[in-house]
Amino acid sequence: MNDVLPDEVGRWQRVEQTFARTMTLYGYREVRTPQVEPTPLFVRAIGDTTDVVEKEMYSFEHHGDALTLRPEGTAGAARAYIEHSVSAREPVTRWWYAGPMFRAERPQRGRYRQFHQVGAEIFGDEGPGCDAEMIDMLVGLLGDLRVPGLEVFVNSLGGPETRARYRAALVGHFTPRAASLSADSQRRLRTNPLRILDSKDERDQALVKDAPAIHEFLDAGDRDHFARLRAYLDTLGTPYAVDARLVRGLDYYTRTLFEIKGAHEKLGAGNTLLGGGRYDSMVADLGGPRVPAIGFAAGLERLLIASELDTPAALVDAFVAPLGEAAIGPGLVLARDLRREGLRCEVGTRGGSLKSQLRRANALGARVVLILGESELADGVVQVKDLEGHTQERLARDHAVRIVADRLVAASRGLGKERP
Ligand code: AMP
């Protein structure tokens, strides 16, 4: 679990704002659900033989309630969707969320115990059109975040009957070879054989290579859904590869499944930036109506490692330097007037010499310093020092605000910099 200090928060905010803007452009609305939910919700939604439920949940008892810090966002969103009878009010629901998630994993680069996800869900649309749109939207978003080396993988898991037939075929394939599987996969063979395909263990991977592929088991409806998804992606010009071994760690997926990876050099083994898929049975399984759904979640920490966006360098536009106690009050008023013009501003309320205040202004990235000394106060003027143009002029106090504001706004337009 990490602290995020102010030096890094600028990048976090840029990624969060870019995400929120993208979501709004695509018609999603933000939902905020609790960070603690009843444990059975996650067990039912995610599946009791998944790694997350088996070993990674922070669960506790409180006054007889079994509670868990949410390890992901979809179960809570689905619970809220059901609890508030949202489907009765709107045929299609598009929600996004952002916030901390908790998993008791072994920490390593790009893998933490409290991490942050941004994600979204669409309830009420079963066609592959919204699946393709979601994948294409995410490729665009990662482009906006300047993430290099993107790779998109898609797969189809079919519906519950397909999964059952595939499961039986995997059991048939692995059982005679069980002795060569890792201990974990020997256990998965009994509980959740699809998860063997996910295993990173070399012994398992050797046997996975020859395992039957899910596509042989898809029924006509699944096949048509998957073919249309790929056709829409082709029409959108979204690059992707089909990965027949992609199953992902959570049990709730049906049909469409996808993952987007970023450049390996930066991210190492944890180079999966985001993952998602369809979960057409979950809402009904949780006691809600029969409503199909699809969603994704992206890890913010990983997006930040992968993104080449930099922080806005300057912390302020202007610095007001009062020289002497008598100038502090007028300096505060001057700074407030500048802020009302939309300029970021700090005042040297600690006092100190002009030299030390100029040093502070430089460190903050200020473009101008407004100096208020005894003689300036007496004459109703300020000294306006331009730290980039290296000029200095005496301006009437009342005009200085307007002139400085106009100049900085014009300069920022020239640089294409957004106004704060
Ligand atoms: P999942 O909910 O497991 O499908 O994960 C979706 C995304 O969340 C992953 O692709 C990662 O970017 C991120 N993620 C999952 N677990 C962690 C973790 N422990 N630390 C950091 N990011 C994570």
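Scroll up to find the structure.
Bear in mind the structure is a predicted one, so any value in this text is a computation, not a measurement.

Student: What's the story with the overall build of the protein in this structure? I'm lost.
Tutor: Per the secondary structure count, the protein includes 16 helices and 16 strands. For the protein, the C-alpha radius of gyration of 28 Å lies well beyond 22 Å, the compact-globule estimate for 420 residues. Principal-axis analysis of the C-alpha atoms places the extent of the protein at approximately 95 × 45 × 45 Å. The contacts of the protein with a sequence gap of at least 6 include a subset with a gap of at least 24, amounting to 70%. A total of about 20100 Å² of accessible surface is found on the protein, and carbon and sulfur atoms cover 51% of it. The averaged location of the 59 negative side-chain charges in the protein is 2 Å from the averaged location of its 56 positive side-chain charges.

Student: I tried to follow helix 7 (residues 183-191) on my own but got confused; where do I start?
Tutor: Structurally, the α-helix is built with 3.6 residues per turn, so residues lying three or four positions apart point the same way. Listing the buried residues of helix 7 in full gives Ser185, Arg188 and Leu189. The buried residues of helix 7 occupy an angular sector of 110° when projected down its axis, which confines them to one face. In helix 7, the exposed residues that point more than 90 degrees away from the buried face are Ala183 and Arg190. Those residues of helix 7 that are buried lie in contact with helix 3 (51-56), helix 6 (160-174) and helix 8 (202-208).

Student: Where do I start with the site of the ligand in this structure?
Tutor: Contacts to the ligand come from 14 residues, most closely from Arg103, Glu105, Tyr112, Gln117 and Arg248. A distance of 2.8 Å separates a nitrogen atom of the ligand from a polar backbone atom of Tyr112. Contact between the ligand and Thr272: an oxygen atom at 3.0 Å from a main-chain N or O atom of the residue. In the complex, the protein chains occlude 93% of the 480 Å² of accessible area that the ligand would expose alone. Where the shell around the ligand is concerned, the elements lending two or more residues are strand 6 (114-123), strand 10 (272-278) and strand 11 (293-299). No other element matches strand 10, which puts 3 residues into the shell around the ligand. Among the residues forming the shell around the ligand, the class breakdown is 5 nonpolar, 4 polar and 5 charged.

Student: Would you mind showing me how to read the pairing of strand 16 (residues 391-396) here?
Tutor: Residues in a regular strand project their side chains so that they alternate between the two faces of the sheet. Bridge count between strand 15 (residues 381-386) and strand 16: 6 bridges; the pairing is antiparallel. Each residue of the ladder has a partner; that of Val381, found in strand 16, is Ala396. A loop of 4 residues connects strand 15 with strand 16, the two strands running antiparallel in sequence, and His390 in this loop sits at a positive phi of about 55°.

Student: Just to check I follow, could you spell out the side chain of Arg367 for this structure?
Tutor: Checked against the element boundaries, Arg367 lands in the loop between helix 14 (354-364) and strand 14 (368-372). Looking at Arg367, its side chain comes within polar contact range of the side chain of Asp386, at 3.3 Å. In terms of polar contacts, Arg367 uses its side chain to reach the side chain of Glu388, at 3.2 Å.

Student: I tried to follow unusual backbone geometry on my own but got confused; where do I start?
Tutor: Most peptide bonds take the trans form, and the phi angle of most residues other than glycine is negative. One non-glycine residue, His63, lies in positive phi territory at about 45°. As for its placement among the helices and strands, His63 is situated in the loop between strand 3 (59-62) and strand 4 (65-69).

Student: When you look at the pattern of salt bridges in this model, what are you seeing that I'm missing?
Tutor: Between side chains of opposite charge, pairing is possible as soon as their charged atoms come close. Applying the stated criterion across every chain, the model contains 25 salt bridges. A salt bridge links Asp131 to Arg278, with the nearest nitrogen and oxygen atoms 2.6 Å apart. Linking Asp131 in helix 5 (residues 128-144) with Arg278 in strand 10, this pair joins segments that are 147 residues apart in sequence. Judged by relative accessible area, which is 0%, Asp131 ranks as buried. Overall, Arg278 belongs to the buried group, its relative accessible area being 0%. Among the ionic pairs, Lys266 bridges to Glu308, the shortest N-O distance being 3.7 Å. Remark: Glu308 occurs in the loop between helix 12 (300-306) and strand 12 (318-322) and Lys266 occurs in helix 10 (residues 264-267); sequence separation between them is 42 residues. One network of salt bridges, in which partners are shared, links Asp51, Lys55, Arg195 and Asp198.

Calculation rules
- Residues numbered from 1 in each chain as written.
- Predicted model: local features only at pLDDT ≥ 70, side-chain atom pairs only at ≥ 80, totals over all residues.
- Heavy atoms only, no water.
- Helix = DSSP H or I, 4+ residues; strand = E, 2+ residues; numbered from the N terminus.
- Rg over C-alpha atoms; globule rule 2.2 N^0.38 Å.
- Contact = heavy atoms within 4.5 Å.
- Areas by Shrake-Rupley, 256 points an atom, 1.4 Å probe, with all protein chains shown as cover.
- Lys, Arg positive; Asp, Glu negative; His and termini not counted.
- Charge placed at Lys NZ, Arg CZ, Asp CG, Glu CD.
- Buried < 20%, exposed > 50% of the residue type's maximum accessible area, 1.4 Å probe, protein only.
- Arc of directions from axis to C-beta.
- Near = heavy atom within 4 Å.
- Polar contact = N/O pair within 3.5 Å; in protein donor to acceptor, adjacent residues only side chain to side chain.
- Nonpolar A, V, L, I, M, F, W, Y, C, P; charged D, E, K, R; others polar.
- Pairing = 2+ DSSP bridges.
- Salt bridge = Lys/Arg side-chain N within 4 Å of Asp/Glu carboxyl O.

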